[in-house]
Every structure is written in structure tokens, then in C-alpha cells.
Amino acid sequence: QQQVRQSSQSLTVWEGETAILNCSYENSAFDYFPWYQQFPGEGPALLIAIRSVSDKKEDGRFTIFFNKREKNLSLHIKDSQPGDSATYFCAANYGSSGNKLIFGIGTLLSVKP
Amino acid sequence: EAAVTQSPRNKVAVTGGKVTLSCNQTNNHNNMYWYRQDTGHGLRLIHYSYGAGSTEKGDIPDGYKASRPSQENFSLILELATPSQTSVYFCASGGDNNYAEQFFGPGTRLTVL
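Quantities reported herein were computed from a predicted structural model and do not represent experimental measurements.

(A) Structural context of the layout of surface pockets. Its volume calculated, the largest pocket comes out at about 530 Å³. Of all the secondary-structure elements, those providing two or more residues to the lining of the largest pocket are strand E9 (86-94) and strand E11 (107-112) of chain A together with strand E4 (31-38), strand E9 (87-94) and strand E11 (108-112) of chain B. The leading source of residues in the lining of the largest pocket is E9 of chain A, at three residues. Residue composition of the lining of the largest pocket, grouped by class: nine nonpolar, 13 polar and four charged.

(B) Spotlight on unusual backbone geometry. A cis amide bond links Ser7 of chain B to the next residue, Pro8 of chain B, at an omega of -10°. Structurally, Pro8 of chain B can be placed in the loop between strand E1 (4-7) and strand E2 (10-13). The backbone of Lys71 of chain A sits at a positive phi, close to 55°, despite the residue not being glycine. The residue Asn28 of chain B is not glycine, and still its phi comes out positive at about 60°. Of note, Asn28 of chain B is situated in the loop between strand E3 (19-25) and E4.

(C) Broad picture of the pattern of salt bridges. Residue and element names in this part refer to chain B. Going through the model one piece at a time under the given rule, you end up with seven salt bridges over all chains. For Lys65, the salt bridge goes to Glu79, with nearest N and O atoms at 3.6 Å. Of this pair, Lys65 sits in strand E7 (residues 65-67) while Glu79 sits in the loop between strand E8 (73-78) and E9, placing them 14 residues apart in sequence. Overlapping salt bridges bring together Arg36, Asp38 and Arg44 as one network.

Reading the values: rules and limits
- Residues numbered from 1 in each chain as written.
- Chains lettered and ligands numbered in written order.
- Predicted model: local features only at pLDDT ≥ 70, side-chain atom pairs only at ≥ 80, totals over all residues.
- Heavy atoms only, no water.
- 1 Å grid on protein atoms, 1.4 Å probe; cavity = no way out; pocket = protein on both sides within 12 Å on 5 of 7 lines; lining within 4 Å.
- Points joined across faces, edges and corners; volume = space filled by probe spheres on them.
- Helix = DSSP H or I, 4+ residues; strand = E, 2+ residues; numbered from the N terminus.
- Nonpolar A, V, L, I, M, F, W, Y, C, P; charged D, E, K, R; others polar.
- Salt bridge = Lys/Arg side-chain N within 4 Å of Asp/Glu carboxyl O.

Structure (C-alpha cells):
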């Protein structure tokens, strides 16, 4: 049962383009949605996160757009750079204690120069 | 200074053998987590802990035990390793806040022959 779905397992864009990574979820009780970035051979690291009370969160070239009614969100990476090539995990918080996260399967982004 | 470290980084085990994966954090976080990462599944929570002496089952606990002897250390134990447990294992630590970031270690690649 995949409660957090990432629609693409891989995505390729050219340098300078905007990469759009999509995510959807099933449980309307989820209220916190972090995106983690993982480079090969490393552990994931928090990139940007949004709470369900907001519909947009921006941090430099990275923006999350959140649609609570449709239960989906997307991560936009503006002016993509080859250094952005990594796997991106959408996640959702569940459980009121312990800050447990449920992760999507990840999207491997390749940015071609 | 790496705040979450894991040992060993690579391990080859035989079927039926006992494997212990270790994790140490210097973040002084109460919460610690063990995940496994497999292609097509993303990160899945095995066990987690709220503090020294506590362990809780995550989403896929079967075949695994956990131990939290201190604030800093959290171990994952495979009493009878099986080839299906071949994977990359990540440990993470996080604060108590529902929106707290999780900090991941570099991972342990386990192969069970």
C-alpha cells in the first residue's frame, strides 16, 4: 500500500530548465511534507518542506506547490544545474509522536549540461 | 563533524548468521530510526526509538530487532539473516517536534549470501 506516490521514477531535463517532480498522497491526516535529496553513496538530506496550512513554500531555486484538496504536491527546481542530479524523495508525516515519516519511492533526476 | 555515523559501511553475511548494524549520533536527539532502501520501494521504516531503552516497530519489523542502550546509540539486529534482507540500511536521528528534520547517516550496504 503506497500512501505516498511519486509519479515518475526518473526525469531528465536540460541545464537551465525547470524540473517538476510530482507527488500525491492518500491520507488526509498527513500535515507535513518534506522533500529529501540524496546523492549517490550518501544518506538523504532535507531539502525543503511544507506544512498543509500553506500552498507554497520557496527556498532559492526550489519551490513546493501544495494542493490540499487534490492531495498532491510538486517540487519545482528552477534553472536546473548538473549538480542537482540526485534522487528526490517526497515524504509525509504520520503519527503524532516520534515524527515518523512515510516516503515515496523517489524520483531520479538527471540534469544534462 | 558527521553527526550520524554508521558501522560497518559494508557487510557481507551468510544466510542464517547474526548481523548487527550500529548507529551513533551526536545530535542529542531523542528519536532515532532505522530504514532500509530498495529500488522501487524508497525508504521503509523498520524500527524507531523515542529514547534510551525504548524501541518501537515500524512498518516492516519482521526479521529485525532493535536496541537503544543509550541516547547516542541505536543498533539493528538480524538474528537469522536471509538473502531478502540484502539492502542498504540507513539510520537517522530527529527531534521531538512533529516537523523536526531527520538527519541521516551514510548508510550500510548489507549483502546476505
